[in-house]
Each structure stands twice: as C-alpha cells, then as structure tokens.
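Now for the letters of each chain:
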Amino acid sequence: MRRGTHAYIGFVELHPTNVDSKVDVILKHYQHTVKEELGGRAKAMVVTGSRASAVKYQRAFQKHIEREKLPLQTLVAFSGSLPDPDVTAIGNAAVPEVTEASMNPELRGRDLAGVFSQEDQNILIVANKYQTGFDQPLLTAMYVDKQLSGIAAVQTLSRLNRRADGKKNTYVLDFVNDPAQILAAFQDYYEDARIETDSDPDLVAKQMTKLDAANIYTPAEVDRVWAAWSNRNGKRGALTSALVPAVERFTNRWSRAVYDDDAAARDELDEFRSLLGQYTKSYAFFSQILNFGDTYYLKLSVFADLLARLLREQLDGGERETVTADDVVLTHYRLEKQRDEDLQLEDGEARGLQGMTEAGMARQQERERAAKAELVEKVNRFLGGLDASDEHKVSTVELLVREAAENTDLQQQARNNTRADFSHSPQVRLVLEDSVWNQNRQSEAIAKRLQELPPTDLVELAMAFDLWERSRAG
C-alpha cells in the first residue's frame, strides 16, 4: 500500500504535464511580477520535493525558455547522483546517472552559489540544498513544490528575508502547503523564541549505552560497517554483508518472541528499533555543537541509520507487493489558483521551544498512544445524543473494530504498511462500512448513527480503537 501510494503520487508529481504546467505558471509569474523588482535584478528559487523532480524541472524550464526565446538562465542544485528520471531501463541495461555538474555544464567547476549571484542568472531550482544558510539578497520570489513544516518551513522561506537596497516586495507561490500550517510554524519564532527546556548534552551517550546493552551488534561490526560505508570505491554488497549479523540476531530474537507470545521481549525489540532512529537524530543534532572525542559515536550513527533501514525492510516490507505506475495513464489534470493569502503573525507569547531530552522523546512516544478516557470522549463526540451509556457505546465500537480486524485483507495490509498509510487505504473504509451494516443486530440505534458518519470519521474512530494494531496481530 505504501509503495503503491508513493508510486502513484510520484507518477503524477513527475509527469511531464504536471511539471510543464507548473513551470509555465512560474515563468509567467516571474516575468510579469518578479523580474523587474530591484531594477530588473530580482532572482527566484524553486523548491522541489526530490532530486528527480529537480532534474525534471530544470529540463522543463530549458524547454520553455528555448521555445519562447526567453532571456533567462536557470541552475539546478542537488547532492550526489541519481538515475536519469527521463530514461527507462531496457532489460538489464544500466540507466545513466545525472549529477549537479552534468546538469549545469556552464559551471565548469565553479561554485554554484557564486555563479547564481551573477547578473545574468535568474532562477535556481533546488532539492534539499540552499534551503538553510543561503544568503542571496536579490532572492525575491520562491516557488514551493515541496511539503514544508516546522523549522524547515521557517528556514526555507526565510531565504527571502535577506536585505537589499530597494527590496520592498517578496513573493511566495506555493503549490502544496496549507497556509495555516506555515503561519503556525512562523508563529513559534515571532517576537521572542525562548527555550522552554534545555537539551540534554548526555542524551547521545545514554542512548549509545542502551543500544550497546541490547547485544544486537558488536563494536567490531560497527567498525566493519564504517569501513565499508566510508570506502568510496567499495560495493554496496560489502556494506550489506557487514550488517547481516546484527540483522540476523534481531530477526531471530523477534521470531522467538512472536512464537513464544512474549510481549515483553517484543516491546524491548521495538524500543531498540525506535532507539536506532532516535540516536541518529540526536547525534546529528549534538555533533554540531559538541566534540564527542571518540569516533565510535560517529560510526554508530551511520551503523544505526543503516541497520534501522534494513530492519524496516525485513519486518515491515518482506511480503509487500511492489506496485509501480508503469501501466498508469494520466487522463485528467487541472492546475488552478486556490487563493491569495496574507499571513499575519500575531503578537503574544508563543510556545516555548523544546530541547532534545530523553524525557521529551519518551513523551513523544506516549502521545502516540491514545488513553482510554480519550477514546470514550471521542466516541461521545461521534455518537453523542443517543440514549445509551458510554459503556454501551464503547462496547459497540469494540465489536465493530474487532470484526474488521479479523478481515484477512486488512491483516495483510496492516502488516505491510505504517499506521498512517493503513488508515488511508480504501479497503479499510469498505471493510468498516460492511462491519457497520453487520452491527444492526447488535444495536440498531448506534449502527444507524455509525452508518451516517462520513467515511473519514468512521476510519478515525476505528483507528482510535487500535484497528491497525489489532489487524497486525490478527
């Protein structure tokens, strides 16, 4: 389900019709509204969601510019290399790769940011580069085709804040984001961004100790993975084989815990998987300000990140059907302006910024678990007004979710997808609606109320009662 969703979304996002339509809008807006700002020196940035998208955008810009003979220049910025998104593999033939250098032949080894600062350069297309710390005072417009939230939204859009003589206006044309969420992200940093809780500088060491104590890997294996990962001429097979012992220990212990129905052992292993990701994030954060004095910290961050990915593949995607968009045809497409937004920040005390601490991470995990009282309140909201006790309402929904969780198709989807992807599956809605109709014999009044709920509310209610967890365990 997750791969299928990503395949179809990626198909639409990278479809030539979609990219060409957006490029046409961007060029018209840039030429008619932006370009003459700052005495004709105004520059623009296009923020894309992936490297493949950045490549597609760059080529679409070039096609439009050449066809319409526009006096404009574009550059594209991204890291590393990727298979050419416009080339389809035939048989076992390798797909040629593209890089930032190959997409910008005019650079000839020069610094991209420096070239972009020249007067004849107009538009910079980026994929996870130049969204933070990029200081270009002539940047006047930003075209956003990437989901942004929190500090990433603030850092990205703040590239427009650099001062230049005569700079009075800046423009943001956003194809994907909700203005309210962008406003909320900025509100936290408006006026006075205070630190409410300090970050714990010992967090990384504490997490490392816990990971080591799980006995899933050995320091020697961490060293071997680091050696394979840092070898520029090494092969992916060597890196994977260095991780195999740790993967096998984890999966063997997981299988034994499942076979023995040992919930405590499974919780410990789940915590280990979660801690791998937490350690990677914590090290990335604290290594910017602290010198740990031991390269093992860095090596373990690489090891933890790679191991977490392999474990996800082993446990979450082993039997997942691969879905592609190879036989999908885009038949309908419309790009339309939704609205103009004037986002005004409000005076007042914003929420304090939370430092990175062990307690904070524990609270985050706890927030993901719905308390029983919250479930009852949710049921009251959905089913309120009926002449039935809360206990009756909960038991009725329990029956609904229990029946749905016994569906073999949902069980398969739950095992192969994240909770979020599972909740958006059309199959979930169909099974729940069937279960609601079956509830008539249990309680006609409540079943009738459930039948009147919009499908999204019905799914939300079922997910609150752990439909995903119950289906995975079914």
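Residues numbered from 1 in each chain as written. Predicted model: local features only at pLDDT ≥ 70, side-chain atom pairs only at ≥ 80, totals over all residues. Heavy atoms only, no water.

> What exactly am I supposed to notice about the environment of Lys22 here?
Along the polypeptide, Lys22 turns up in helix H2 (residues 16–34). The class for Lys22 is buried, based on a relative accessible area of 8%. Sequence separation between Lys22 and Ala60 is 38 residues, and the spatial gap between their C-alpha atoms is 9.5 Å. (Helix = DSSP H or I, 4+ residues; strand = E, 2+ residues; numbered from the N terminus. Buried < 20%, exposed > 50% of the residue type's maximum accessible area, 1.4 Å probe, protein only.)

> I tried to follow unusual backbone geometry on my own but got confused; where do I start?
Most peptide bonds are trans, and most residues other than glycine sit at a negative phi. Positioned with a positive phi, Arg108 is a non-glycine residue whose angle comes to about 50°. Looking at the secondary structure, you find Arg108 in the loop between helix H5 (100–103) and helix H6 (112–116). A positive phi is found at Tyr130, a non-glycine position, where the angle reads about 60°. Among the secondary structure elements, Tyr130 is positioned in the loop between strand E5 (123–126) and strand E6 (139–145).

> Which parts of the structure should I look at to understand the nonpolar core?
Among soluble globular proteins, nonpolar side chains are generally buried collectively. Judged by nonpolar contacts, the single largest core of 35 residues is most densely connected at Tyr217, Phe272, Tyr279, Leu300, Phe303 and Leu307. If you list the elements that add at least two residues to this core, you get helix H9 (203–213), helix H10 (219–230), helix H11 (236–259), helix H12 (263–286) and helix H13 (295–316). In terms of residue count, the dominant contributor to this core is H13 (11 residues). Residue contacts for Phe272: discarding those within four places in its chain leaves Leu211, Ala214, Ile216, Tyr217, Phe250 and Leu307. Residues Tyr57, Ala60, Phe61 and Ile123 belong to the second largest nonpolar core, which totals 33 residues. (Core = buried A, V, L, I, M, F, W, Y, C linked by side-chain atoms within 4.5 Å. Contact = heavy atoms within 4.5 Å.)

> Is there a simple way to think about the environment of Phe285 in this case?
Considering the arrangement of structural elements, one finds Phe285 in helix H12. Residues Phe285 and Val204 lie 81 residues apart in sequence; the distance between their C-alpha atoms is 9.6 Å.

> I keep staring at the sheet that holds E5 and nothing clicks. Help me out?
The strands that make up a sheet pair up through hydrogen bonds in the backbone, lying either parallel or antiparallel. Strands sit in the order E2-E5-E1-E6-E7 across an open sheet of five strands; the sheet is parallel. Single-partner strands in this sheet number two, and they are strand E2 (74–77) and strand E7 (171–174). Pairs of neighbouring strands in the sheet enclose a mean axial angle of 15°, with direction left out of account. Here E2 pairs with E5 via four bridges, running parallel. (Pairing = 2+ DSSP bridges. Axes fitted to C-alpha atoms, helices over the stretch in contact; angles between N-to-C directions.)

> Before we go on, may I ask you to explain the packing of aromatic side chains in this structure?
Between two aromatic rings, the relevant description is the distance of the centres plus the angle of the planes. By the definition in use, this model includes 10 aromatic pairs. In this arrangement the basic side chain of Lys43 is found over the ring face of Phe116, its NZ or CZ atom lying 5.1 Å from the centre. (Phe/Tyr/Trp six-rings, centres within 6.5 Å; stacked < 30°, edge-to-face > 60°. Lys NZ or Arg CZ within 6 Å of the ring centre and 35° of its normal.)

> I would appreciate a short explanation of the packing of H9 against H12 in the present structure.
Helix-helix packing is described using two parameters, namely the angle between the two axes and the distance between the axes. Between H9 and H12, the least distance of the axes is 9 Å, while the angle of their chain directions is 150°. Judged by the angle between their axes, H9 and H12 are roughly antiparallel. For the crossing formed where H9 meets H12, the hand is left-handed. On H12, the residues that touch Leu203, Val204, Gln207, Met208, Lys210 and Leu211 of H9 are Phe272, Leu275, Leu276, Gln278, Tyr279, Ser282, Tyr283 and Phe286. Looking at the contact of H9 with H12, its residues break down into 10 nonpolar, three polar and one charged. (Parallel < 35°, antiparallel > 145°, perpendicular 65-115°, else oblique. Left-handed = near helix turned anticlockwise from the far one by under 90°. Nonpolar A, V, L, I, M, F, W, Y, C, P; charged D, E, K, R; others polar.)

> Sorry, what's going on with the pattern of salt bridges here?
Think of it this way: side chains of opposite charge can pair up when their charged atoms draw near. Using the criterion set out here, one finds 12 salt bridges in the structure. Taking the shortest distance from any N to any O, the salt bridge between Asp20 and Lys63 comes out at 2.9 Å. Taken together, the residues span a long stretch of sequence, with Asp20 in helix H2 and Lys63 in helix H4 (residues 51–68) at a distance of 43 residues. Residue classification places Lys63 among the partly exposed positions, given a relative accessible area of 39%. The structure contains a network of salt bridges with shared partners spanning Lys56, Arg59, Asp84 and Asp86. (Salt bridge = Lys/Arg side-chain N within 4 Å of Asp/Glu carboxyl O.)

> Help me out: how do you make sense of the side chain of Asp84 in this one?
Secondary-structure assignment places Asp84 in the loop between strand E3 (81–83) and strand E4 (97–99). Excluding anything up to four places from it in sequence, Asp84 contacts Arg59, Val95, Pro96, Glu97 and Val98.

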